[in-house]
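# Remarks on the overall topology
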Amino acid sequence: MPKKYQNHINGQWVDSKSGEVFENRNPANWEEVVGTFPKSGKEDVDDAVKAAHAAFEKWRLVPVPKRGDILRKVGDLLVARKEELARLMTREMGKVLVETRGDVQEGIDTAYYAAGEGRRLFGRTAHSELPNKFNMSIRMPVGVAGVVTPWNFPMAIPTWKIFPALLCGNTVVFKPASDTPATATALVEILMEAGVPEGVINIVHGGGKEVGMAIVSHPDVDLISFTGSTEVGKKISEAASNTLKRVSLELGGKNAQIVMDDADLSL
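Residues numbered from 1 in each chain as written. Predicted model: local features only at pLDDT ≥ 70, side-chain atom pairs only at ≥ 80, totals over all residues. Heavy atoms only, no water.

### Focus on the overall build of the protein
Heads up, the condition is: In DSSP terms, a helix is any run of H or I states spanning at least four residues, a strand is any run of E spanning at least two, and both are numbered starting from the N terminus. Our radius of gyration looks at C-alpha atoms and nothing else; its globule reference is 2.2 Å times the residue count to the power 0.38. Contacts are residue-level and defined by heavy atoms, with any inter-residue pair within 4.5 Å sufficient. With residues, only the protein chains shown are counted as cover, and all accessible areas are computed by Shrake-Rupley using a 1.4 Å probe. For the purpose of charge, His is not counted, nor are the chain termini; Lys and Arg are scored as positive and Asp and Glu as negative. Where a charge lies is defined by one atom per residue type, namely NZ (Lys), CZ (Arg), CG (Asp) and CD (Glu).
Scanning the protein from terminus to terminus reveals eight helices and 12 strands. Over its C-alpha trace the protein gives a radius of gyration of 20 Å, about what one expects of a compact globule, namely 18 Å for 267 residues. Dimensions along the principal axes, computed over C-alpha positions, put the protein at roughly 75 × 60 × 40 Å. Taking contacts inside the protein between residues at least 6 apart in sequence as the whole, the part at least 24 apart equals 71%. When the accessible surface of the protein is totalled, it reaches about 14500 Å², and 53% of it is carbon and sulfur. Taking the average location of the 32 positive side-chain charges in the protein and that of its 34 negative ones, the two points are 6 Å from each other.

### So, the packing of helix α3 (residues 82-93) against helix α6 (residues 181-194)
We apply this condition: Only the stretch in contact is used when fitting a helix axis, every axis being a line fitted to C-alpha atoms; angles between N-to-C directions are given from 0 to 180 degrees. Each angle receives one of four descriptions, namely roughly parallel if under 35 degrees, roughly antiparallel if over 145, roughly perpendicular if within 65 to 115, and oblique otherwise. Lys, Arg, Asp and Glu make up the charged group, whereas Ala, Val, Leu, Ile, Met, Phe, Trp, Tyr, Cys and Pro make up the nonpolar group; the residues left over, Gly among them, are polar.
Two elements in contact, α3 and α6, have axes whose closest approach is 8 Å; the angle formed by their N-to-C orientations is 155°. As summarised for this structure, α3 and α6 are arranged roughly antiparallel, according to the angle between their axes. Contacts from L85, L88, M89 and E92 in α3 reach P181, A182, T183, A186 and I190 in α6. Among the residues forming the contact of α3 with α6, the class breakdown is seven nonpolar, one polar and one charged.

### With respect to helix α8 (residues 230-241)
For clarity, the cut-off: To estimate the expected span of a helix, subtract one from its residue number and multiply by 1.5 Å. Between buried and exposed lies partly exposed: a residue is buried under 20% and exposed over 50% of the maximum accessible area for its type, with that area taken using a 1.4 Å probe on protein chains only. When we speak of the arc, we mean the arc of directions from the helix axis to the C-beta atoms.
The end-to-end C-alpha separation of α8 is 16 Å, in line with the 16 Å expected for 12 residues at 1.5 Å each. Of all the positions in α8, only G233, I236, A239 and A240 are classed as buried. In an axial view of α8, the angular spread of the buried residues amounts to 130°, which keeps them on one side of the axis. Along α8, exposed side chains directed more than 90 degrees from the buried face belong to E231, K234 and E238. The inward-facing, buried residues of α8 abut α7 (208-217), β11 (223-227) and β12 (246-250).

### Some words on α7
Those residues of α7 that fall on the buried side of the exposure criterion are V211, G212, A214, I215 and V216. Where α7 is buried, its residues touch α1 (42-59), β8 (144-148), β9 (171-175), β11 and α8.

### Considering the packing of aromatic side chains
Here is the rule: Between rings of Phe, Tyr and Trp, where Trp is taken as its six-membered ring, a pair exists when centres lie within 6.5 Å; planes separated by under 30 degrees are stacked, by over 60 edge-to-face, and by other angles tilted. Only when the NZ atom of a Lys or the CZ atom of an Arg is both within 6 Å of the ring centre and within 35 degrees of the ring normal do we say a charge sits over the ring.
Inspection of every chain in the model, using the stated rule, returns two aromatic pairs. Where Y5 meets F37, the ring centres are 4.3 Å apart and the plane angle is 10°; that geometry is what we call stacked. Of this pair, Y5 sits in the loop between β1 (3-4) and β2 (7-9) while F37 is found in strand β5 (residues 29-38), placing the two residues 32 residues apart along the sequence. Considered together, Y5 and F37 belong to a single accessibility category, that of buried residues. Ring plane angle 25° and centroid distance 5.9 Å describe the contact between F22 and F37, whose orientation is recorded as stacked. Here F37 lies in strand β5 and F22 lies in strand β4 (residues 21-26), a separation of 15 residues in the sequence. Its relative accessible area of 16% is what places F22 among the buried residues. Three or more aromatic residues joined by ring pairs make a cluster, and in this case those are Y5, F22 and F37. Across from the ring centre of W59, 6.0 Å away, lies the NZ or CZ of R67, which sits over that ring. Of note, K95 hangs over the ring of F153, and the distance from its end group to the ring centre comes to 3.7 Å.

### Regarding the environment of N152
Structurally, N152 can be placed in the loop between β8 and α5 (156-167). Sequence-wise, N152 and A177 are 25 residues apart; in three dimensions their C-alpha atoms are separated by 9.0 Å. For N152, the contacting residues outside a window of four places in its chain are M93, K95, D103 and I157.

### Things to note about the side chain of T180
Following the sequence through the fold, T180 ends up in the loop between β9 and α6. Setting aside chain neighbours within four positions, we find T180 in contact with E92, M93, P150, W151 and P154.

### Focus on the packing of helix α2 (residues 64-80) against helix α4 (residues 97-117)
Threshold: If you view the pair so one helix is near and one far, a crossing is left-handed when the near helix is turned anticlockwise from the far one by less than a right angle, and right-handed when it is turned clockwise.
Contact geometry for α2 and α4: axes closest at 8 Å, N-to-C directions at 160°. With respect to each other, α2 and α4 are oriented roughly antiparallel. Seen from above, α2 lies across α4 with left-handed handedness. Residues G68, L71, R72, G75, D76, L78 and V79 of α2 touch α4, and the partners they reach there are V104, G107, I108, A111, Y112, A114, A115 and G116. Residues of the contact of α2 with α4, tallied by class, amount to nine nonpolar, four polar and two charged.

### Topic: unusual backbone geometry
Look at N132: it is not a glycine, yet its phi comes out positive at around 60°. Here N132 lies in the loop between β6 (124-126) and β7 (135-137). Phi at L244 takes a positive value of approximately 55°, unusual for a residue other than glycine. Within the fold, L244 resides in the loop between α8 and β12.

All we've got here are geometric facts, nothing functional implied.
Laid out in C-alpha cells, this is it:
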C-alpha cells in the first residue's frame, strides 16, 4: 500500500475534512504511487489560518536570534537527510539526482543564511527635526504568510519563502504543488523536528482553485508569496487586493539566450 500523507495543522497531522485523497505518482514509473495526499478545501484552509493566526501572538515575541537558532537546526537536519530528500524528490518529480541534490543544497544554504540574519536584523535610526526627541525603528513581522509554490524546485523555492518569513516572526500556511507534496511534507517534518512551535508552520495539500485561492482570499492572511504562471499571478493579485494583502509574485517569463561561435555546444 502507498504511504498515506496528511495535512499538518496546529501541530497535528490530520486528514482533509472531506476525507478525499489524490495520488502522487512517479513520472518515470507510473505504476509507482509515491503516496496519497488529502484533497483539501476551504474548511481545511480555515483551520490552518486560524492556527497560524493564534500562534503568531507568541511566535512574534520570540527573540529573532532564537528563531535563527531553530533555522540553523533545520539546516543541520537538511544536511543529514540530503540524499534521502534528493531521492524522494526524484521519485515524485523526475529530476536527475545531481539536480535534486542541488535543490536540497539550496534549502541548506537558505537555512544557514536566514539563521545568520537572525543576528543582524537591524533597524534604523535618524535624527529628529524636534528637540529632545530620538527616532528609532525596528523590523516587525507582518502576520500570517500564505506560501504557494510550484513543482519544479520543490525544496529550494519553499525554503526561499518560508525561512525568511519564519525568521522575521511571521507564521505560515503552505500549499505546495500537487505534483510535489511529499518533498514539501518532509520539509515541514524537519521544521517541526527542529523546534518550530505548533501552529507556526501549517501545510494544506490540494488544488490551486480549492486551496490556493482560499488562502489568497482569506481575510486573516496578511501576505502572499507565489511562484507560478502569469495567468494565476494576475488572479492572485486581483483577489488579494480586496483585503490589501502584501503580495510577492514570481511569474512566467521568456529568457533570451545568445549562442556565440565559441560556445561548447555539447555542454
